[in-house]
Amino acid sequence: MNKYIEKAERTHKLTEDELVSLLQDPSSSGELAISADRVRAKYVGSGIHLRGLIEFSNICRQNCLYCGLRRDNPKIERYRLSEAEILELAKKAKSYGYKTVVLQSGEDIYFSVKVLTNLLYKIKEMDLAITLSLGERSLDEYRAFKQAGADRYLLRIETTDKNLYEQLDPGMSFKNRKSCLWNLKELGYEVGTGCLIGLPGQTLHSLAQDILFFQQLDADMIGIGPLIPNMDTPLAFAAKGDFDLTKKMVSLLRLLLPEANIPATTAMETLKADARVIILQAGANVVMPNVTEGDYRRKYALYPGKICVADTPAQCRCCIGGKIKSIGRYVAQDKGFRSHISTRS
Ligand code: SAM
Ligand code: SF4
Ligand code: FES
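What comes next concerns the included structure. (Residues numbered from 1 in each chain as written. Chains lettered and ligands numbered in written order. Predicted model: local features only at pLDDT ≥ 70, side-chain atom pairs only at ≥ 80, totals over all residues. Heavy atoms only, no water.)

With that settled, the discussion passes to the site of ligand 1. Taken together, 18 residues surround ligand 1, and among them Tyr66, Ser105, Arg156, Glu158 and Ile228 come closest. One of the backbone N or O atoms of tyrosine 66 is found 3.0 Å from a nitrogen atom in ligand 1. For ligand 1, whose unbound accessible area comes to 560 Å², protein coverage reaches 92%. Taken together, the residues of the shell around ligand 1 sort by class into 10 nonpolar, five polar and three charged. (Near = heavy atom within 4 Å. Polar contact = N/O pair within 3.5 Å; in protein donor to acceptor, adjacent residues only side chain to side chain. Areas by Shrake-Rupley, 256 points an atom, 1.4 Å probe, with all protein chains shown as cover. Nonpolar A, V, L, I, M, F, W, Y, C, P; charged D, E, K, R; others polar.)

The subject of this paragraph is the packing of helix α3 (residues 29-43) against helix α10 (residues 243-256). If you want to describe how two helices pack, look at the angle between their axes and the distance between the axes. One way to put it is that α3 packs onto α10 with a least axis distance of 8 Å and a crossing angle of 35°. As α3 packs across α10, the resulting crossing turns out to be left-handed. Here α3 contributes Ser29, Leu32, Ala33, Ser35, Ala36, Val39 and Arg40 to the contact with α10, which in turn contributes Asp244, Lys247, Lys248, Ser251, Leu252, Arg254 and Leu255. Looking at the contact of α3 with α10 residue by residue, the class counts come to six nonpolar, three polar and five charged. (Axes fitted to C-alpha atoms, helices over the stretch in contact; angles between N-to-C directions. Helix = DSSP H or I, 4+ residues; strand = E, 2+ residues; numbered from the N terminus. Left-handed = near helix turned anticlockwise from the far one by under 90°. Contact = heavy atoms within 4.5 Å.)

Position of glutamate 186 among the secondary structure elements: in helix α8 (residues 174-186). Residues glutamate 186 and arginine 143, spaced 43 residues apart in sequence, show a C-alpha to C-alpha distance of 9.7 Å.

Take the site of ligand 2 next. Around ligand 2, the structure places Cys60, Gln62, Cys64, Cys67, Leu69, Arg70 and Gly106. A molecule is said to occupy a pocket when more than half its atoms come within 2 Å of that pocket's grid points, and by this definition ligand 2 occupies the largest cavity. Across the shell around ligand 2, the residue classes tally to four nonpolar, two polar and one charged. (1 Å grid on protein atoms, 1.4 Å probe; cavity = no way out; pocket = protein on both sides within 12 Å on 5 of 7 lines; lining within 4 Å. Sits in = over half its atoms within 2 Å of the grid points.)

Bringing the layout of surface pockets into the picture now. Of the pockets and cavities examined, the largest pocket occupies roughly 250 Å³. Along its surface, the largest pocket is lined by 17 residues, and Asp232, Arg298, Lys299, Ala301 and Tyr303 are the ones closest to its centre. (Points joined across faces, edges and corners; volume = space filled by probe spheres on them.)

Bringing the pattern of salt bridges into the picture now. A pair can form between side chains of opposite charge whenever their charged atoms are brought close. Using the criterion set out here, one finds 30 salt bridges in the structure. Taking the shortest distance from any N to any O, the salt bridge between lysine 306 and glutamate 55 comes out at 3.1 Å. Note that lysine 306 is positioned in the loop between α13 (296-299) and α14 (313-326) and glutamate 55 in strand β1 (residues 47-57), a separation of 251 residues in sequence. For aspartate 220, the salt bridge goes to lysine 185, with nearest N and O atoms at 3.5 Å. With aspartate 220 in the loop between α9 (204-217) and β7 (221-222) and lysine 185 in helix α8, this pair connects stretches of sequence that are 35 residues apart. Note on aspartate 220: relative accessible area 7%, which makes it buried. Given the relative accessible area of 23%, lysine 185 is considered partly exposed. (Salt bridge = Lys/Arg side-chain N within 4 Å of Asp/Glu carboxyl O. Buried < 20%, exposed > 50% of the residue type's maximum accessible area, 1.4 Å probe, protein only.)

Written out as structure tokens, the structure reads:
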């Protein structure tokens, strides 16, 4: 076995240079996946957690250069779901057997503390775990959402290269992004973060630093995905993120953060058919099937080629269930909070 993979599996630690050496070695991918799959089985088991994704607004005050929801994109057809529509989708998510709903949107300030906390109380009555992914808010807002029942929060750091971050997310500050993550930790959320793979100017050292940052934060969830260039954004002609590099990143994340919940993300499947099944066998243990209905799926257009745009939530549930069974795994029946095996033993 490659000596760094053996070390990572045994100690769950690698230096930045060791990570880079594995990321740049074209022959390490298969061995990394096998090792990560062993660590996944040992720390988080064979159950796969399904989180029902509700894309409730594509209105955004930010202007990230890669994202179709950016405020300066005039081509996107904007929408915002009503409280009743969101509650209906949450109810349906529950009926498909999902134990968690992920409420995701652009940075849409219509969803004030008052509007959102009302909604959270009602969803909580359905006995669902709630993950929020609404972008940057103040400490007080995060506190109010937590008190109203939010359990988890997803906020990708996108890249730990400060200059690159501030160039690609104009008007946003890297310092604030990091303090949001620490604030969420402090408030007792399960914190999810992650990065984009293949940003123009991103280096392997920067990706290695991303992994070390997730370790330092002790992230409970890490969602990564390849950049998929969107023709209606300034990054229209950037190269796509590389699938094999994304897969290696997932395996390294599992080796270095063995207890984390790691999803096989939708963007990966835009790059490669059956990507989620491949990634679930390379360290991942979570899938986030879309429960947004009808034309809203298409309108939540972060990038082109999004999968499942023409499918219904019921079709997605059935499809993903079949894929999970085909690889000898099963759909977990609990809410899927982060495991704490190492601190228990
Ligand atoms: N607005 C919130 C935020 O930025 O944290 C949550 C929604 S945002 C659409 C969710 C994620 O989409 C971002 O963190 C980003 O990594 C990803 N994303 C945006 N544009 C993308 C693209 N062109 N290709 C792949 N992922 C993209
Ligand atoms: Fe808005 Fe999030 Fe897209 Fe940035 S990534 S433009 S914050 S939706
Ligand atoms: Fe949507 Fe396969 S997960 S159709």
